[in-house]
Amino acid sequence: MESEKHALLDTDFISKMHLIRKDDQNKLIDKIIAMSNYTFYCHKQVSIELLRHNIAGLPEWFEDKVENKRIHLYDDEMILDELSAIYGDLALAMYIDMLKTACDAYKGGCFEENFVNMSTVNAVYVSREEFLEKLALDCDAIGTGKNLGELKSYVLLQVLNMRFGQQIYVFCSDDKNARNGIVAMGGASCISVLSSFIRLQKEVDFNREDAEPYIRSYMNSCLGKAQTTFRIQDTSKEKRMCKIPCEQVFDEMFYRKIDEMRNGNLKYIQ
């Protein structure tokens with residue numbers, strides 16, 4: 001029996017994959033969630049941000065997946081429970097360390113700029129309740145549009161890596177800097193919206209004919225009219241990123257000429 005794989009879902013991935021569909025009953029995100037050997041996780045902040053995307057049916061879809069335990073939802077208190085089980089009284093200090101690591105992976109200076117209370121709190125003497133209150137104050141001050149969901153997901157990623165001691169898959173943003181930050185933290189492999197087509201080939205019976213309506217939907221709903229190419233790493237020694245026509249990329253995916261990379265980019269197979 002194939003071993004269980006643990007995967008983290010972020011806001012951008014869920015919202016885009018919900019839009020990629022054959023019809024209202026067949027969304028590409030459902031094919032991802034249905035992969036039987038994966039257990040999926042989200043931070044609660046993701047559920048909050050999904051509501052802001054104003055995509056019809058998305059909040060109900062997400063709630064259903066959580067209720068049916070296809071997606072396991074973590075909040076900060078649950079993360080502290082995990083850390084307390086391992087680190088005891090040092091759990092609060094470990095959370096701060098993980099939050100700083102998450103911020104550094106995103107952008108230098110992000111922690112000090114956005115988490116003023118967490119930067120100055122004494123994790124040895126503060127109570128758990130006061131700690132969570134100060135964390136909530138920082139999060140409220142950050143506001144919307146500042147990638148708080150990504151930062152909280154990065155913290156959860158470290159917890160999952162610690163808990164399971166194996167590679168975690170992150171189904172994540174198309175933003176290359178965000179994906180590079182995840183890989184830089186170690187212990188994770190990124191899967192982007194585009195590379196998810198290859199992941200589905202590997203995990204389920206997903207052929208070119210099956211993929212066609214989803215490819216059309218992806219081209220129409222997620223790509224701007226100006227985008228006609230994807231960047232694919234070539235087989236040269238320099239590993240150049242080359243612009244390849246979108247249609248050609250999808251064709252070559254299903255001819256097994258292109259594979260996914262750990263950072264979520266695609267590459268030609270030598």
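As the structure is a prediction and not an experimental result, all values here were calculated from the model.

A.B. asks: Residues and numbers for helix H10 (residues 148-164), please.
C.D. replies: Helical geometry note: an α-helix holds 3.6 residues per turn, so side chains three or four residues apart project in the same direction. The terminal C-alpha atoms of H10, which comprises 17 residues, lie 24 Å apart, in line with the 24 Å expected from a rise of 1.5 Å per residue. By the criterion of burial, H10 is predominantly enclosed, with 13 of the 17 residues buried. Backbone geometry just after H10 places Gly165 at a positive phi near 60 degrees.

A.B. asks: Explain a nonpolar patch on the surface residue by residue, including any values.
C.D. replies: The grouping of Ile86, Tyr87 and Leu90 at the surface amounts to a nonpolar patch, some 280 Å² of accessible area in total. Looking at the secondary structure, you find Ile86 in helix H5 (residues 76-87).

A.B. asks: So what about the pattern of salt bridges? Which residues, and what values?
C.D. replies: Following the criterion strictly, the structure yields 21 salt bridges and no others. Notably, a salt bridge pairs Asp259 with Lys202, separated by 2.8 Å at the nearest N-O pair. With Asp259 in strand S10 (residues 258-260) and Lys202 in helix H12 (residues 196-203), this residue pair connects regions lying 57 residues apart in the sequence. Ionic pairing is found between Asp251 and Arg208, a salt bridge with its closest N-O pair at 2.9 Å. Residue Asp251 is found in helix H14 (residues 246-254), and its partner Arg208 is found in helix H13 (residues 208-221); the two are separated by 43 residues along the sequence. Residue class for Asp251 comes out partly exposed when judged on its relative accessible area of 33%. Accessibility expressed as a relative area gives 23% for Arg208, which makes it partly exposed.

Each value, and the rule that gives it
- Residues numbered from 1 in each chain as written.
- Predicted model: local features only at pLDDT ≥ 70, side-chain atom pairs only at ≥ 80, totals over all residues.
- Heavy atoms only, no water.
- Helix = DSSP H or I, 4+ residues; strand = E, 2+ residues; numbered from the N terminus.
- Expected span 1.5 Å × (residues − 1).
- Buried < 20%, exposed > 50% of the residue type's maximum accessible area, 1.4 Å probe, protein only.
- Patch = residues over 30% accessible without salt bridge, like charges linked within 9 Å, V, L, I, M, F, W, Y side chains within 5 Å.
- Areas by Shrake-Rupley, 256 points an atom, 1.4 Å probe, with all protein chains shown as cover.
- Salt bridge = Lys/Arg side-chain N within 4 Å of Asp/Glu carboxyl O.

Read these as layout, nothing more, since geometry by itself doesn't imply function.
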